[in-house]
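What follows is each chain in one-letter form.
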Amino acid sequence: MTMYLPQMAKIVKIIRENPQIKTFVLEFRDKEYNKSFSYEPGQFMMVSVPHCGEAPISFSSSSTRPGTIELSVRLAGKLTGAMHRLQPGAMVGLRGPYGIPFNMKELADQNLLFVAGGIGLAPLRGVINYCLDKGGYGRITLLYGSRSPDDIAFKTDIDLWRKNGVDCRLSVDTATEGWDGQVGVVTTLLSGLEIERPRSSLVCGPPIMIRFLLPELSRMGFRDREIITTMERHMKCGIGVCGHCHLDNRLVCVDGPVFDLAQLKELAVEELGELT
Amino acid sequence: MAGLATTFGSGAMTNSIEEIGRADVILVIGSNTTEAHPQVARRIFSALDRGSRLIVIDPRRTALARRADIHLQHRPGTDIPLLNCLMRLILDDNLHDDVFIEHRTENFNELRDMLYRLDPTEKAAVANVPPAQLKKAAELYGRANKAVICYCLGITQHICGTDNVQTIANLAMLTGNVEKEDTGVDPLRGQNNVQGACDMGALPGVFPGYQAVSNEAVRAEFSGAWGRDLPAEPGLTILDMTHGGGKTVKGMFIMGENPLLSDPTLEKVRNTLENLEFLAVSDIFPTETAELAHVVFPAASFAEKTGTFTNSERRVQMVRRAIEPIGECRTDSDIICALARRLGYEMNYESSAEIMEEIALLTPVYGGMYHDRLESSWGLQWPCFNRSHPGTVFLHKYNFARGRGCFVPAAHQMPGEQPDEEYPFLLMTGRVYHHYHTGAMTRAGNILNRESPEALLEINPVDAESLTLASGEMLNLATRRGTIKIRALISEQVAPGMLYTSFHFTEAPINLLTNAASDPKAKCPEYKICAAQLEKIN
Amino acid sequence: MKGLILKKDNLVPLLRKIRKGGKLVAPVQNRHGDTLFEVIDDLDRQQLDLEHQAQSSLKPFFFPQNDPLATYNCAEDYSFEPVVSAEPTVYFGLRSCDLTAVLYMDVIFSQNGADTLYFARRKEAILISLGCNQPFAHCFCNNTGSGPFLEYGFDLQFTDLGDSFYVEADRARGEELLERWSYFFTPADEDDRKKQYQAVLEARSNFRRTVHVDPAVKRLAADPDLQPVWRELSDRCQDCGGCAYICPTCTCFTIVDQPLAETHGIRLRQWDSCTFSGFTRMAGGHNPVNHAEQAIRRRFLHKLKIDVEKHGRPSCVGCGRCVDICFGGVDMIRFIAMVNDLKLPAEEK
């Protein structure tokens, strides 16, 4: 049972990122555990909320900033709804970290193109902060698509990243009064963009976005190994047993969630259509 | 019920379920069999595996319809013109069974005259079915050596429900597909013991075994056994009670039923229940109805009681107590007996076996059903008149229960409500596989509720496009009686102009919307059809 | 280890002794004629049934349908308390397919760290299998390499020789048991060994079905994209999950909280099935699996392709239970026949 037993963690702070997304800053109740806890960019935790069971949530923080962890949660179902109703001081259960992280060693010295849609920026936020804190990475470019200007999440982070030399470009599907940036899906931000080798693109967002983005990136000359994404699935155990997160002959919880396009092309991934 | 009683003399499935698997042609009408009656569907599948042919008549392209040799996707509420048309085509092709009609039936001339007067092309147009398909279906059913018709609530929950059933019976008799093994007409009963409840007289005008309360000899027999004078007048139908506004009856004891979600035009039901002087509810879980009750009796579940259930094929089967009732729960018979004693009627049975003995004594078709006989078998099928009677696999062998089968011709009747400019859609209601009735039990089950967590409104892609609607968007669904919020599911199962949803969900109580117009004979409300409009919620 | 002989008359007396050391589980025919594995409380009243295939496998004993992982409290604080329960148990009369299934579950539940609950029960278990002289109606374990007799994996294996059982041990726990109750057994002689060998040979020729598992496995390895098959079987599937529940090697589960009151509840591990649409549906409604067309694709590919890649053999053990349970005839035997009957794309041209 120990493998399924959550560690209790206290919500120390809640940041409202947009109408649907909150970032929960958490601290394990067990001080020793909190101190020794470590994780890598791209991994996730199984989160317990009273009476709601568990759901997988990616780290939106970076282990380069120890002491607390951050999970950004979009309001989607029963568990996330209950989590959104919690106040600072409340407890949740956490077990993990799980999953294959981004290979940060391999990405060192590369120019990195991050492309995110909606809540997809949450896991990439952890990676960007990791790169900035550690240093040793090339130029960082972020393309971020939201539905509307009100839906743009992680605004504080984006401002900070800009100050630290990250080239952040934003687009919205539908503009409102006062928006003078790009309008359209996130792929429109790719036009005219040049990323020099060595390079990789890290992509995270809704399946439909990824489906359209992958061929665009290939057209720009990114090799399959240079296009890295994370897959999302319903999960229950997080440790490769329960079967829910099947992706062809892989399990997203232990063989992913990070996959590169070369790997994905070997698999039948229905939501991504025919990958060529 | 009423329909088959008039034509055949008995209102139950004529076959055993097993026989369906041996028919050469199976005609399924008004039944989403794979979702509502999987055990029947499995026989249909095995028949198909043997090479049998399947005709499905359903306004929706259900999973079973996809496997059919012929699917007649007709307009809801046009079963009579469609079936009459089939019969006319059978007559024209000389595929009817003269000998059977001559020797086993009566009143054929009236049907024949009516069929010869109708215009098949016009009827096909009314039903919105290609005439060529109808012709194929008529030939297939008409030429079948052994054919079975299965129908369900898609036939009965109409303003013309009884006439629908009689028309089905006409079709079966016309081709001689009844009274013989592996042929027949089979109403599929929904709830596991709805047949048993009907058998036991849970109908307004009959004692157990369909013995009319108006029959003096029958009444005398029951009075003798029960020691009380019994009324000769039929009681009220369910809508007379639940739509009575608290005037027709002043107190109610509702057992295992949740009218505040299941009956049409819920506003009227709520008004009635709130105006009762007294309401008691007995159920295994809290229900919407129980919330209004003055007294709630926690009832025992199937696993906590001993007795019998009667299934669709008239089979009476034992159920045995596996665990003691939990907490303060008591069995239904315990609750009734205790209540009767408090009301001054000494009702005492030492066991459910003793109750069964009383049933056998007073109910001829159950005359040979005793627990000791049922205990050691898969049950007995009524009629079973005495201890040595083996039970009855299929009804009307050699002779219809009423003597001769009676043809009762029927003409098309317009549904109680039709789409118009203001309410342009036709809304049908039904069930989903994962939930039972109002979900009092199934929505408490984790996996069942995960599989089907909310009501979905099926809408054709063409209509969705004209409303610029995507699957998953929320809608206001309105009829002349009310409005509910519901999520859209774009689906080719429904034809353009049609909508379909289920009634299991208290969050989207569809019976706020349904029409209380009901069949004048069976009093069954027209759940299947009403006119509706849609509006996207932004 | 040399074979031993147990006279059939001595079987019940032996089981009576064994039962004193812990629980005994064996196939029992109940008064309705159903044969199920049951905990034996009374050897005189419960009718051991070694003639019929048990309708269920041993799966529920190691991996129960509803298995409490923990109790939780959420009154003021939020905390979890683990639940573990296991006691020494001897399982008698399981068939080779069921034993193979347990060995498969051992592999599944030891991935990424041994599953505490499963192995707590498994470590307390002694498995005594009974080879099948006469395979049952839907059996095809000869085609899945899981019977009718096994060469290893059992603690003890019994072979029916008519008036006695030939008994062999493969694992230490089996040998210990034989030693502890040695006075029930006599050494097998050459004649017994011949008879046992003969029984094994005859059993192989007694199968009523031939199911071409290997060609289907090869076909799936080459081309798993069998749209017509998935479509037809998905239409026939009635979504009951019976195949997964009855299958001795289906181990997918979900984890749910069952509230007992506002302030506390139980966290359960519960059987689940990849044929359910909710199995993959994510919060918000997106489902990466097209349920209408592919409800059963995962199930068959997992058994006959993915497990072959991962573990070197299909995870179907040929017990045939899915044939009996399915309402729509969506069973392994039909699937394999459909796959083998499909024309290869090359042939179509």
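Not measured: the values here are computed from a predicted model.

1. Examining the sheet that holds strand E14 (residues 380-381) of chain B
Residues and elements named next belong to chain B.
- Here three strands make up an open sheet; going across it, the order is E12-E13-E14 and the pairing antiparallel. Both outer strands of the open sheet, strand E12 (307-310) and E14, are each paired with one neighbouring strand and no more.
- As paired strands, strand E13 (residues 315-319) and E14 are joined by two bridges and run antiparallel to one another. Counted as the bridge partner of Arg-315 is Gln-381 from E14.

2. Quick look at the arrangement of the chains
- Where two pairs of chains are in contact, the pair with the most contacts is made of chains A and C.
- One finds no contact between chain A and chain B; the C-alpha atoms of the two approach each other to within 11 Å at their closest.

3. Description of unusual backbone geometry
- The peptide bond linking Gly-256 of chain A to Pro-257 of chain A adopts the cis configuration, its omega dihedral lying at 5°.
- Note on placement: Pro-257 of chain A falls in the loop between helix H7 (252-255) and strand E15 (258-260).
- Of note, the bond from Gly-147 of chain C into Pro-148 of chain C is cis; its omega dihedral lies within 30 degrees of zero at 5°.
- With respect to the secondary-structure elements, Pro-148 of chain C resides in the loop between strand E8 (125-130) and strand E9 (156-160).
- In this structure, Thr-265 of chain B is a non-glycine residue whose phi angle is positive, near 50°.
- Along the chain, Thr-265 of chain B falls in the loop between helix H16 (259-262) and helix H17 (266-274).
- On the neighbour-count criterion, Thr-265 of chain B (24 C-beta atoms within 10 Å) is buried.
- Of note in the backbone geometry, Arg-314 of chain B takes a positive phi value of approximately 65° without being a glycine.
- With respect to the element layout, Arg-314 of chain B can be found in the loop between E12 and E13.
- Classification of Arg-314 of chain B by C-beta neighbours within 10 Å gives buried; the count is 28.

4. A look at the environment of Met-114 of chain B
- Looking at where Met-114 of chain B falls in the secondary structure, it is placed in helix H8 (residues 108-117).
- Separated by 108 residues in sequence, Met-114 of chain B and Phe-222 of chain B place their C-alpha atoms 43 Å apart.

5. Details of the nonpolar core
- Counting residues in hydrophobic clusters, the biggest one holds 234 residues, and the most contacted among them are Phe-114 of chain A together with Ile-26, Leu-86, Ile-149 and Ile-168 of chain B.
- Considering every element that reaches this core, the biggest residue donor is helix H6 (residues 79-92) of chain B, with eight residues.
- Each residue touching Ile-149 of chain B, except ones within four places of it in the same chain, is listed here: Leu-27, Ile-29, Ile-168, Leu-171, Ala-172, Val-185 and Asp-186 of chain B.
- Among the nonpolar cores identified, the runner-up in size contains 42 residues, and Ile-254, Leu-273, Ala-478 and Ile-490 of chain B belong to it.

6. As for the interface of chain B and chain C
- Chain B puts 16 residues into the contact, and the matching count from chain C is 15 residues.
- Breaking the side of chain B that touches chain C down by element, the ones donating at least two residues are helix H4 (38-49), helix H5 (63-67) and helix H21 (446-451) of chain B.
- In terms of residue count, the dominant contributor to the side of chain B that touches chain C is H4 of chain B (six residues).
- When its residues are assigned to classes, the side of chain B that touches chain C shows six nonpolar, four polar and six charged.

7. Topic: the interface of chain A and chain C
- Each partner contributes residues to the interface: chain A has 34 residues there, and chain C has 39 residues.
- Sorting the residues of the side of chain A that touches chain C by element identifies strand E4 (54-58) and strand E6 (91-98) of chain A as the ones contributing at least two each.
- Split into classes, the residues belonging to the side of chain A that touches chain C amount to 16 nonpolar, twelve polar and six charged.

8. With respect to the environment of Cys-160 of chain B
- By secondary structure assignment, the location of Cys-160 of chain B is in the loop between helix H11 (153-156) and helix H12 (161-174).
- Those residues within four positions of Cys-160 of chain B in sequence are excluded, and the remaining contacts are Ile-80, Gln-413 and Asp-519 of chain B.

9. As for the sheet that holds strand E10 (residues 278-283) of chain B
All names here are of chain B.
- Strand order in the open sheet made by the three strands is E9-E10-E11, with parallel pairing throughout. Since the sheet does not close on itself, it has two edges, and those belong to strand E9 (251-255) and strand E11 (295-298), each with one partner. Averaged over all neighbouring strand pairs, the angle between strand axes comes to 10°, with direction disregarded.
- Examined bridge by bridge, E10 and E11 share four bridges and lie parallel to one another. The partner of Ser-282 across the bridge, within E11, is Phe-297.

10. Quick notes on the domain arrangement of chain B
All names here are of chain B.
- Domains assigned within chain B are domain 1 (2-188), domain 2 (194-381) and domain 3 (425-536).
- Once you take the C-alpha centre of each, domain 1 and domain 2 turn out to be 33 Å apart.
- On the side of domain 2, five residues touch domain 1, which itself brings six residues to the contact.
- In the side of domain 1 that touches domain 2, the residues fall into four nonpolar, two polar and no charged.

11. A look at the domain arrangement of chain C
All names here are of chain C.
- Under the domain assignment, chain C is made up of domain 1 (4-205) and domain 2 (213-348).
- A straight line from the C-alpha centre of domain 1 to that of domain 2 covers 26 Å.
- Listed by partner, the interface residues are 33 residues for domain 1 and 27 residues for domain 2.
- When contributions to the side of domain 1 that touches domain 2 are tallied by element, the ones reaching two or more residues are strand E5 (66-73) and helix H3 (96-108).
- When the residues that make up the side of domain 1 that touches domain 2 are grouped by side-chain class, the tally is 17 nonpolar, 13 polar and three charged.

12. Focus on the pairing of strand E21 (residues 530-536) of chain B
Residue and element names in this part refer to chain B.
- Along E21, five of the seven residues are buried, which leaves the element largely enclosed by surrounding structure.
- Across three bridges, the pairing between strand E16 (residues 425-430) and E21 is antiparallel. Following the sheet pairing, Phe-425 is matched in E21 by Ala-532.

13. Side note on helix H19 (residues 352-362) of chain B
- Buried within H19 of chain B we find Ser-352, Met-356, Ala-360 and Leu-362 of chain B.
- Looking at the buried positions of H19 of chain B, the neighbouring elements they touch are helix H14 (216-226), E12, helix H18 (332-342) and helix H20 (371-375) of chain B.

How each quantity is defined
Residues numbered from 1 in each chain as written. Chains lettered and ligands numbered in written order. Predicted model: local features only at pLDDT ≥ 70, side-chain atom pairs only at ≥ 80, totals over all residues. Pairing = 2+ DSSP bridges. Helix = DSSP H or I, 4+ residues; strand = E, 2+ residues; numbered from the N terminus. Contact = placed C-beta atoms within 7 Å. Buried ≥ 20, exposed ≤ 12 C-beta atoms within 10 Å, placed from the backbone. Core = buried A, V, L, I, M, F, W, Y, C linked by C-beta atoms within 7 Å. Nonpolar A, V, L, I, M, F, W, Y, C, P; charged D, E, K, R; others polar. Axes fitted to C-alpha atoms, helices over the stretch in contact; angles between N-to-C directions. Domains from an automatic or database assignment.

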